[in-house]
Amino acid sequence: MSTPPLDATSPVMAAAIQFDPQVGLENKDRNLQRTLDLVNEAADRGATLVVLPELANTGYAFATREEAYAHAEHVPGGPTTQAWTELARERGLYLVGGLTEQDGDGVRLFDTTVLIGPEGLIGKYRKTHLWDREKLIFTPGDLGFPVFDTRIGRIGLLICWDIWFPEAARLLAVQGADVICSANNWVWTPPPLFDEAGRCMASYLTMTASHVNNVAFVAANRVGEERGGKFLGCSLITGTNGWPIGPVAPAEDETIVYADLDLVAARSALIWNDLNDLARDRRTDLYDPLLGYRRGDAFPR
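What counts, and at which threshold
Residues numbered from 1 in each chain as written. Predicted model: local features only at pLDDT ≥ 70, side-chain atom pairs only at ≥ 80, totals over all residues. Heavy atoms only, no water. Core = buried A, V, L, I, M, F, W, Y, C linked by side-chain atoms within 4.5 Å. Buried < 20%, exposed > 50% of the residue type's maximum accessible area, 1.4 Å probe, protein only. Contact = heavy atoms within 4.5 Å. Helix = DSSP H or I, 4+ residues; strand = E, 2+ residues; numbered from the N terminus. Pairing = 2+ DSSP bridges. Axes fitted to C-alpha atoms, helices over the stretch in contact; angles between N-to-C directions. Left-handed = near helix turned anticlockwise from the far one by under 90°. Nonpolar A, V, L, I, M, F, W, Y, C, P; charged D, E, K, R; others polar. Disulfide = S-S within 2.5 Å. Phe/Tyr/Trp six-rings, centres within 6.5 Å; stacked < 30°, edge-to-face > 60°. Lys NZ or Arg CZ within 6 Å of the ring centre and 35° of its normal.

Undergrad: Requested: an account of the nonpolar core, with residues and values cited.
TA: Ranked by size, the top nonpolar core spans 50 residues in total, and within it Leu49, Leu158 and Val218 carry the most contacts. Apart from the residues lying within four places of it in its own chain, the contact partners of Leu158 are Tyr125, Phe145, Ile163, Ala168, Ala169, Leu172, Ile180, Cys181, Ser182, Ala183 and Phe217. Of all hydrophobic cores here, the second largest spans 25 residues; its members include Ile17, Val50, Leu52 and Ala56.

Undergrad: With reference to specific residues and values, describe the pairing of strand S9 (residues 216–220).
TA: Counting buried positions along S9 gives five out of five residues, so the element sits mostly inside the fold. Residues Ala216, Val218 and Ala220 line one face of S9 and the alternating positions Phe217 and Ala219 line the opposite face, and both faces are buried. Sheet topology places strand S8 (residues 179–183) next to S9; five bridges connect them, and they run parallel. Its bridge partner being in S9, Ser182 is matched across the sheet by Ala219.

Undergrad: Mind laying out the packing of helix H5 (residues 166–174) against helix H6 (residues 201–213), listing which residues take part and the relevant values?
TA: Running from N to C, H5 and H6 cross one another at 35°; their axes reach a closest spacing of 10 Å. In the packing of H5 onto H6, the handedness of the crossing is right-handed. For the pair formed by H5 and H6, the contact residues are Ala169, Arg170 and Ala173 on the first element and Ala209, Val212 and Asn213 on the second. Residues that form the contact of H5 with H6 fall into these classes: four nonpolar, one polar and one charged.

Undergrad: Describe the state of the cysteines, naming the residues involved and giving the relevant values.
TA: The final tally for this structure, using the stated rule, is zero disulfides. Between Cys200, a free cysteine, and Cys234, which holds the nearest cysteine sulfur, the sulfur-to-sulfur gap is 3.8 Å. The exposure class of Cys200 is buried, given its relative accessible area of 1%.

Undergrad: Tell me what's going on with the packing of aromatic side chains, and back it up with residues and numbers.
TA: What the rule picks out here adds up to seven aromatic pairs. Measuring from ring centre to ring centre gives 5.5 Å for Trp161 and Phe165, while their planes differ by 90°; the resulting arrangement is edge-to-face. Here Phe165 falls in the partly exposed class, since its relative accessible area comes to 27%. The lysine or arginine in question, Arg45, covers the ring of Tyr258, its NZ or CZ lying 4.1 Å from the ring centre. If you follow Arg126 out to its NZ or CZ, it ends over the ring of Phe110, 3.9 Å from the centre.

Undergrad: Got a sec to walk through the sheet that holds strand S6 (residues 147–150)? Specific residues and values, please.
TA: The strand order across the open sheet formed by five strands is S6-S7-S8-S9-S12, and the pairing between neighbours is mixed. Only two strands of the sheet have a single neighbouring strand rather than two, namely S6 and strand S12 (236–238). Across this sheet, the average inter-strand angle for adjacent strands is 20°, counted without regard to direction. Pairing between S6 and strand S7 (residues 153–159): four bridges, direction antiparallel. Of the residues in S7, the one forming a bridge with Thr150 is Gly153. H5 rests against S6, S7, S8 and S9 of the sheet, and its axis sits at about 165° to S7.

Undergrad: Talk me through the environment of Ala16; I want residue IDs and the actual numbers.
TA: As for its position among the elements, Ala16 is in strand S1 (residues 11–18). On the accessibility criterion, Ala16 (0% relative accessible area) is buried. Each C-alpha atom, one on Ala16 and one on Ile256, is 5.6 Å from the other, the two residues being 240 residues apart in sequence. Ignoring any residue separated from it by four or fewer positions in sequence, one finds Ala16 in contact with Val51, Val218, Ala219, Ala220, Ser235, Ile237, Thr255, Ile256 and Val257.

Printed below as a string of structure tokens:
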């Protein structure tokens, strides 16, 4: 007699929000309110893990450092973190969103993603790999690749260009992440921008990182145009096998992508069959288990 399937240990409805925030102080309050409206819309559909794009409250294309400083906030304590914290507590959900962070010293700016739960701010990640003119505005992240324990599972964070560096997702996975939430402003890549299926390269890189690490991804990108840059949409949620659960979002439309996940079930996804176990097949006798990383510990899934 076959054993009946177990109920999900950590059932989550994930939502990746795709919308069009615009840079400019005249737009900042509107951007923030739009994030609140869209998170509420996702929560009304039952979402309990919601991911917003990179720099969701400010837009992306800062013309100068002075303009970026004018948009920046402290984390915690800034109005965006406070508003998202109140909403996460009110709706009983976990929220990931990107913003421009001014460090406590008042000098350094970071492209930051926060993780907030019903209990408040859980942690933050500062973008490690800076893209193009970001190098003229932001300081490279100095917090490493943290994985945060939550009531729904262990959550890792990435931002946009990070997905082009396979070490980043691998380090989160080997530290025990049950899901990786990726906040993005995917923009230009070497053409063609899209394949015949309408997917951008970042969609495939996300699927690849998910597949080779056997960990679900919730990847939210923005859409629209801003100061000459066109953003590529294509937000998606993957299962532990790397394939999207449901459709990949279109390139131009504001939308919310949903998927049901069992986060803790990811811990057995590494075992494919009697002879293949992704974690045990790694040749860590030939390289450091954490690839030379010094800010975390290998943690079994």
